[in-house]
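What follows is each chain in one-letter form.
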Amino acid sequence: MNVGPAGFYNAPVTKGIVLICGLVSVLVGTQGGARVCSLSYQVLSVVQKLELWRLVTSPCVFSSTPELLFGLYLVYFFRVFERQIGSNKYLVFLLFSTAFTTILEVVTLAAFRGISLTPGPYGLIFASFVPFFFDIPISTRFKVFGAHFSDKSFVYLAGLQLLLSSWKRSLVPGICGMIAGFIYKSNVLRIRRAKFPEGLAAATAQLFSPFMSGVSSPSTNGRANASREATNAAPPDQAFQNRFVATEPPLSALLPPPEESVSTLVAMGFIREDALQALAIARNDMATATNFLLESQVR
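Note that the coordinates shown come from a computational prediction; the quantities given were computed from them, not determined experimentally. (Residues numbered from 1 in each chain as written. Predicted model: local features only at pLDDT ≥ 70, side-chain atom pairs only at ≥ 80, totals over all residues. Heavy atoms only, no water.)

A.B. asks: Is there a simple way to think about the packing of aromatic side chains in this case?
C.D. replies: Under the definition given, this model contains 20 aromatic pairs. Ring plane angle 80° and centroid distance 5.8 Å describe the contact between phenylalanine 77 and phenylalanine 132, whose orientation is recorded as edge-to-face. A residue pair is termed long-range when its members are at least 10 positions apart, and phenylalanine 77 in helix H5 (residues 65-77) and phenylalanine 132 in helix H8 (residues 122-135) qualify at 55 residues. The two residues phenylalanine 77 and phenylalanine 132 agree in class, both being buried. Taking the centre distance of 6.0 Å and the plane angle of 20° together, the rings of phenylalanine 142 and phenylalanine 154 count as stacked. With phenylalanine 142 in strand E3 (residues 141-144) and phenylalanine 154 in helix H9 (residues 153-163), this pair connects stretches of sequence that are twelve residues apart. Phenylalanine 142 sits in the partly exposed class, given a relative accessible area of 28%. Clustering of aromatic rings is evident, with ring pairs tying together Tyr73, Phe77, Phe78, Phe81, Tyr122, Phe126, Phe129, Phe132 and Tyr156. Sitting over the ring of tyrosine 76, arginine 79 keeps its end group 4.0 Å from the ring centre. We note lysine 152 situated over the ring of phenylalanine 132; from NZ or CZ to the ring centre the distance is 4.7 Å. (Phe/Tyr/Trp six-rings, centres within 6.5 Å; stacked < 30°, edge-to-face > 60°. Helix = DSSP H or I, 4+ residues; strand = E, 2+ residues; numbered from the N terminus. Buried < 20%, exposed > 50% of the residue type's maximum accessible area, 1.4 Å probe, protein only. Lys NZ or Arg CZ within 6 Å of the ring centre and 35° of its normal.)

In structure tokens:
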């Protein structure tokens, strides 16, 4: 399934998560310390032993290579949501889903002693499955040996593999993460409107910019600057078109977009004229058109 431009374009928070979780998991795993970072019923004595660091390190470490591969793939795939709502709000989503999942895990450990939970960013990953299920449309359907699949099926299969990778140890964090995702989507206490102060966000971005910013070729930077200048100088309608032109050249001859696809995009909150133009540029590919529209909202 196409989720927009490749790489970490407009997704610095996702890039940071992948780098931190990947490096920490490799370093800790080589030292055999993944089990030390996991949560168990012993976490109830964390406060007494002043081992609060366990609550912070647990979401950053994968306990096995398969979990690391599937987990980082899903984190990278869900970068589309950072592009949709912006890095500031996505960071709030990250902190909320991780903190709420950790609280639910501690409550579960208190209720069912004798179990342990696998570490990793399960809160963020499985909370992201909630908007993925409700907000990302299916663009392709196909059959394999009589079974019906869609372009979203592979993401669900990767999530199922991660969810059941350690049975109860991974099942509980996954369910807690999905609960956190539903709470966020329900906008309890207007959490979806929460943002970090612009000054704090700017200072943080400047502090971590050497690690978060990607390296682009001069030609790429030149095209991006030219596109940005053209967008800023053009009227609103022309600016919207320039965003698409900078990504994909216009087509001279194309069949009219299916009305069903247009209605789906309008139902997602996009303007009908913008939906028609995005589908035209995307060659009537629903997923690509959706990502074009999401990208235009972020910029």
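A.B. asks: Please clarify how the nonpolar core should be interpreted in this entry.
C.D. replies: For soluble globular proteins, the rule of thumb is that nonpolar side chains tend to be buried together. Ile17, Leu74, Phe78, Ile125, Phe129, Phe132 and Leu265 are the most contacted members of the largest nonpolar core, which totals 45 residues. If one sorts the elements of this core by residue count, H8 sits on top with seven residues. When near neighbours in sequence (up to four residues on either side) are disregarded, leucine 265 contacts Phe270, Ala275, Leu279, Met286, Ala289, Thr290 and Leu293. Formed by five residues, the second largest nonpolar core is a distinct cluster that contains Leu39, Leu109, Leu117 and Val172. (Core = buried A, V, L, I, M, F, W, Y, C linked by side-chain atoms within 4.5 Å. Contact = heavy atoms within 4.5 Å.)

A.B. asks: Whenever I open this one, helix H7 (residues 87-111) confuses me. Can you help?
C.D. replies: Structural remark: α-helix, 3.6 residues per turn; residues separated by three or four positions point the same way. If you check H7, its first and last C-alpha atoms are 36 Å apart, about what 25 residues at 1.5 Å a residue would give, namely 36 Å. Listed as buried for H7 are Asn88, Tyr90, Val92, Phe93, Leu94, Phe96, Ser97, Thr101, Thr102, Glu105, Thr108 and Leu109. (Expected span 1.5 Å × (residues − 1).)

A.B. asks: Whenever I open this one, the packing of H7 against helix H10 (residues 168-185) confuses me. Can you help?
C.D. replies: Axis angle and axis distance: for two packed helices, these are the angle between their axes and the distance between the axes, and together they describe the pair. Running from amino to carboxyl end, H7 crosses H10 at an angle of 130°, the nearest separation of the two axes being 8 Å. It follows that H7 is oblique to H10 by the angle criterion. As for the relative orientation of H7 and H10, their crossing is right-handed in sense. Where H7 abuts H10, its residues Lys89, Phe93, Phe96, Ser97, Phe100, Thr101, Leu104, Glu105 and Thr108 lie against Val172, Pro173, Cys176, Gly177, Ile179, Ala180, Ile183 and Tyr184. Broken down by class, the residue content of the contact of H7 with H10 amounts to eleven nonpolar, four polar and two charged. (Axes fitted to C-alpha atoms, helices over the stretch in contact; angles between N-to-C directions. Parallel < 35°, antiparallel > 145°, perpendicular 65-115°, else oblique. Left-handed = near helix turned anticlockwise from the far one by under 90°. Nonpolar A, V, L, I, M, F, W, Y, C, P; charged D, E, K, R; others polar.)

A.B. asks: Whenever I open this one, the side chain of glutamate 67 confuses me. Can you help?
C.D. replies: Mapped onto the elements, glutamate 67 comes out in helix H5. One buried charge, glutamate 67, has no salt-bridge partner; the nearest side chain with opposite charge is arginine 169, at 5.7 Å. A distance of 3.0 Å separates the side chain of glutamate 67 from the side chain of serine 165, its partner in a polar contact. Beyond its immediate sequence surroundings of up to four residues, glutamate 67 is in contact with Phe62, Thr118, Tyr122, Leu162, Ser165 and Ser166. (Lys, Arg positive; Asp, Glu negative; His and termini not counted. Salt bridge = Lys/Arg side-chain N within 4 Å of Asp/Glu carboxyl O. Polar contact = N/O pair within 3.5 Å; in protein donor to acceptor, adjacent residues only side chain to side chain.)

A.B. asks: Please explain a nonpolar patch on the surface as it appears in this structure.
C.D. replies: On the surface, Phe154, Leu157, Leu160, Leu164 and Trp167 cluster together into a nonpolar patch covering about 530 Å² of accessible area. Relative to the helices and strands, leucine 164 is located in the loop between H9 and H10. (Patch = residues over 30% accessible without salt bridge, like charges linked within 9 Å, V, L, I, M, F, W, Y side chains within 5 Å. Areas by Shrake-Rupley, 256 points an atom, 1.4 Å probe, with all protein chains shown as cover.)

A.B. asks: Sorry, what's going on with unusual backbone geometry here?
C.D. replies: Most peptide bonds take the trans form, and the phi angle of most residues other than glycine is negative. With a phi close to 60°, asparagine 10 is a non-glycine residue in the positive phi region. Structurally, asparagine 10 is set in the segment before helix H1 (12-30). Residue classification places asparagine 10 among the partly exposed positions, given a relative accessible area of 28%. The phi dihedral of asparagine 284 is positive, around 65°, even though this residue is not glycine. Along the chain, asparagine 284 falls in the loop between helix H15 (272-281) and helix H16 (286-298). Residue asparagine 284 is classed as partly exposed on the basis of its relative accessible area, which comes to 22%.

A.B. asks: Just checking my understanding: could you explain the environment of valine 18 for this structure?
C.D. replies: Of note, valine 18 is situated in helix H1. The exposure class assigned to valine 18 is buried, which follows from its relative accessible area of 17%. Separated by 55 residues in sequence, valine 18 and tyrosine 73 place their C-alpha atoms 8.9 Å apart. The residues contacting valine 18, other than those within four sequence positions of it, are Phe8, Leu72 and Val75.

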